[in-house]
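# Structural overview
Letter by letter, the chains look like this.
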Amino acid sequence: MLSYPMPLCVAPMMDWTDRHCRYFHRQLSRRTLLYTEMLTTGAVIHGDRDRLLGFDVAEHPVALQLGGSEPAALAEAARIGEAWGYDEINLNVGCPSDRVQSGRFGACLMAEPELVARLVGAMREAVRIPVTVKSRIAIDDMEEWPTLERFVRLVSAQGCSRFIVHARKAWLQGLSPKENRDIPPLRYELVYRLKQELPALDISINGGIKTLEAAAEHLRHVDGVMIGRAAYENPYLLAEADQRLFGGTEAPKDRHEVVEGMLPYMEARRSQGAPLNAITRHMLGLFQGLPGARAWRRHLSENIHKPGAGPEVVQAALALVPRVSPAGVAA
């Protein structure tokens, strides 16, 4: 059962946080909340649900992020997600891409808080699991604090009590999605203010957070932290999250144990037809900053695509990396 507040979660990221990535991240942290890539309502309702929605029970707690702007379609997609066993349904009101805008969802919905409130209300009536919203602080020329405050007040009135706020404005005209992740300035203080003025709500902060130390500092002001690219590029930062942010007592696995824990999963997925590189691509950054990291990446990159390649390729790559303790000390 998912409980809040949730000190740490990994952001939904297109082409990154698929089921293999989530299973890998779960080897590092048992408690961090994981998210799917954003799925449109049309894909969920009409698409290949086994491929799009399937996940391993080990991934719990796991949330399904939806994109859409039609109340009935979002309600139906939320029902489907709940039936598939997801722990939370999250509405994307933050993605700035042209494709998302053309479908009238994502960050452009920041300009229509009344509609978002109706969407949330429809989903909440359809499911018993939590319905949450991920947003920006504002878009384009909209004034930041008034936009954010009004948006959250209107949407929370429909029963949404958890908001994840990317602390940057999104510029829908003139900046690419990549530029929107870096160029608009971070306004963490506005997310802190949101929590101060609406203390009954569960507020998580997102944007530019790269370490657990930074996450702990944010948790002095808000209920939760969402980490995105840093968790993907340097996944081992998740290994200490359970102890440092959730109060866990179990020692983190070392990196070799994490890889060894992935081998049965690789074999099982391979037997079902999944190419191993679809799994190992998420693991390339595991040894970042350590001796042998380059050899690990090179061996996987050069050999995992070969016909008949199996988990033994991963074991051979692992043998090129000296074993170190979770603290980075040679074992």
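Residues numbered from 1 in each chain as written. Predicted model: local features only at pLDDT ≥ 70, side-chain atom pairs only at ≥ 80, totals over all residues. Heavy atoms only, no water.

In the nomenclature of an unreviewed UniProt entry, the chain is known as tRNA-dihydrouridine(20/20a) synthase of Stigmatella aurantiaca. Under Cofactor (unreviewed entry), UniProt gives the following word-for-word description of the chain: "FMN". (UniProt positions renumbered as here; feature names shortened; annotations may be inferred.)

### Let's talk about the UniProt feature "binding site: FMN" (unreviewed entry) in the chain
The UniProt feature table records "binding site: FMN" (unreviewed entry) at Pro12, Met13, Met14, Gln65, Lys134, His166, Asn206, Gly207, Gly208, Gly228 and Arg229. Of the annotated residues named above, the ones that line the largest pocket are Pro12, Met13, Met14, Gln65, Lys134, His166, Asn206, Gly207, Gly208, Gly228 and Arg229. Note on placement: lysine 134 falls in strand S6 (residues 131-136). Once you skip the residues sitting within four places of it in the chain, lysine 134 turns out to touch Pro12, Gln65, Asn90, Leu91, Asn92, Val93, Gly94, Ile164, His166, Asn206 and Met226. (1 Å grid on protein atoms, 1.4 Å probe; cavity = no way out; pocket = protein on both sides within 12 Å on 5 of 7 lines; lining within 4 Å. Helix = DSSP H or I, 4+ residues; strand = E, 2+ residues; numbered from the N terminus. Contact = heavy atoms within 4.5 Å.)

### Observations regarding the pairing of strand S7 (residues 162-166)
Of all 5 residues that make up S7, 5 are buried, and the element is covered over most of its length. Across the two faces of S7 the burial is the same, with Arg162, Ile164 and His166 and Phe163 and Val165 all buried. Pairing of S6 with S7, which is carried by 4 bridges, proceeds in the parallel orientation. In the sheet register, valine 133 faces S7, and the bridge partner there is phenylalanine 163. Here 5 bridges tie S7 to strand S8 (residues 202-206), and the two strands are oriented parallel to one another. Counterpart to histidine 166 in the pairing with S8 is asparagine 206. (Buried < 20%, exposed > 50% of the residue type's maximum accessible area, 1.4 Å probe, protein only. Pairing = 2+ DSSP bridges.)

### A short note on the environment of alanine 231
Counting through the fold element by element, alanine 231 comes out in helix H11 (residues 229-233). Classification of alanine 231 as buried rests on a relative accessible area of 0%. Not counting residues within four places of it along the chain, the set of residues in contact with alanine 231 comprises Val10, His25, Leu237 and Leu238.

### Focus on the pattern of salt bridges
Overall, the coordinates contain 18 salt bridges when judged by the stated rule. Taking the shortest distance from any N to any O, the salt bridge between glutamate 260 and arginine 323 comes out at 3.7 Å. Note that glutamate 260 is positioned in helix H13 (residues 255-271) and arginine 323 in the segment after helix H16 (311-318), a separation of 63 residues in sequence. Residue arginine 323 is classed as partly exposed on the basis of its relative accessible area, which comes to 33%. (Salt bridge = Lys/Arg side-chain N within 4 Å of Asp/Glu carboxyl O.)

### Here's the deal with the packing of aromatic side chains
According to the stated counting rule, one finds 4 aromatic pairs in the structure shown. Sitting over the ring of tyrosine 236, arginine 255 keeps its end group 3.8 Å from the ring centre. (Phe/Tyr/Trp six-rings, centres within 6.5 Å; stacked < 30°, edge-to-face > 60°. Lys NZ or Arg CZ within 6 Å of the ring centre and 35° of its normal.)

### Things to note about the domain arrangement of the chain
Domain annotation of the chain identifies domain 1 (8-242) and domain 2 (255-320). In this structure, domain 1 and domain 2 have C-alpha centres spaced 29 Å apart. Facing the 15 residues of domain 1 at the interface are 15 residues of domain 2. Carbon and sulfur atoms make up 57% of the surface buried where domain 1 meets domain 2, a total of about 1,500 Å² over both sides. Ranking the residues of domain 1 by area buried against domain 2 places His20, Phe24 and Tyr236 at the top, with a combined share of 42%. Summed over the shared surface of domain 1 and domain 2, the number is 1 salt bridge. Put simply, aspartate 18 and arginine 281 hold a salt bridge, and the shortest N to O gap is 3.3 Å. The interface formed by domain 1 and domain 2 includes 5 residue pairs in polar contact (both at pLDDT 80 or more). Counting residues per element, the ones that place at least two in the side of domain 1 that touches domain 2 are helix H1 (19-28) and H11. Looking at the side of domain 1 that touches domain 2 element by element, the count peaks at 7 residues for H1. For the side of domain 1 that touches domain 2, the residue count by class is 8 nonpolar, 3 polar and 4 charged. (Domains from an automatic or database assignment. Buried area = accessible area lost by both parts, 1.4 Å probe. Polar contact = N/O pair within 3.5 Å; in protein donor to acceptor, adjacent residues only side chain to side chain. Nonpolar A, V, L, I, M, F, W, Y, C, P; charged D, E, K, R; others polar.)

### Re unusual backbone geometry
Glycine aside, negative phi is the norm for most residues, and most peptide bonds take the trans geometry. The residue after tyrosine 4, namely proline 5, is reached through a cis peptide bond having omega 5 degrees. Looking at where proline 5 falls in the secondary structure, it is placed in the segment before strand S1 (8-10). Phi angles above zero are rare outside glycine, and aspartate 15 is one such case at about 70 degrees. Locating aspartate 15 in the fold gives a position in the loop between S1 and H1. The phi torsion at aspartate 140 lies on the positive side, around 50 degrees, for a residue other than glycine.

### Considering the packing of helix H6 (residues 113-126) against helix H7 (residues 144-156)
Close contact between H6 and H7 brings their axes to 8 Å; oriented N to C, the two are set at 30 degrees. Relative to H7, the element H6 lies roughly parallel. As H6 runs across H7, the sense of the crossing is right-handed. Across the interface between the two elements, Pro113, Glu114, Val116, Ala117 and Val120 of H6 pack against Arg150, Phe151, Leu154 and Val155 of H7. Classifying every residue of the contact of H6 with H7 by side-chain character gives 7 nonpolar, no polar and 2 charged. (Axes fitted to C-alpha atoms, helices over the stretch in contact; angles between N-to-C directions. Parallel < 35°, antiparallel > 145°, perpendicular 65-115°, else oblique. Left-handed = near helix turned anticlockwise from the far one by under 90°.)

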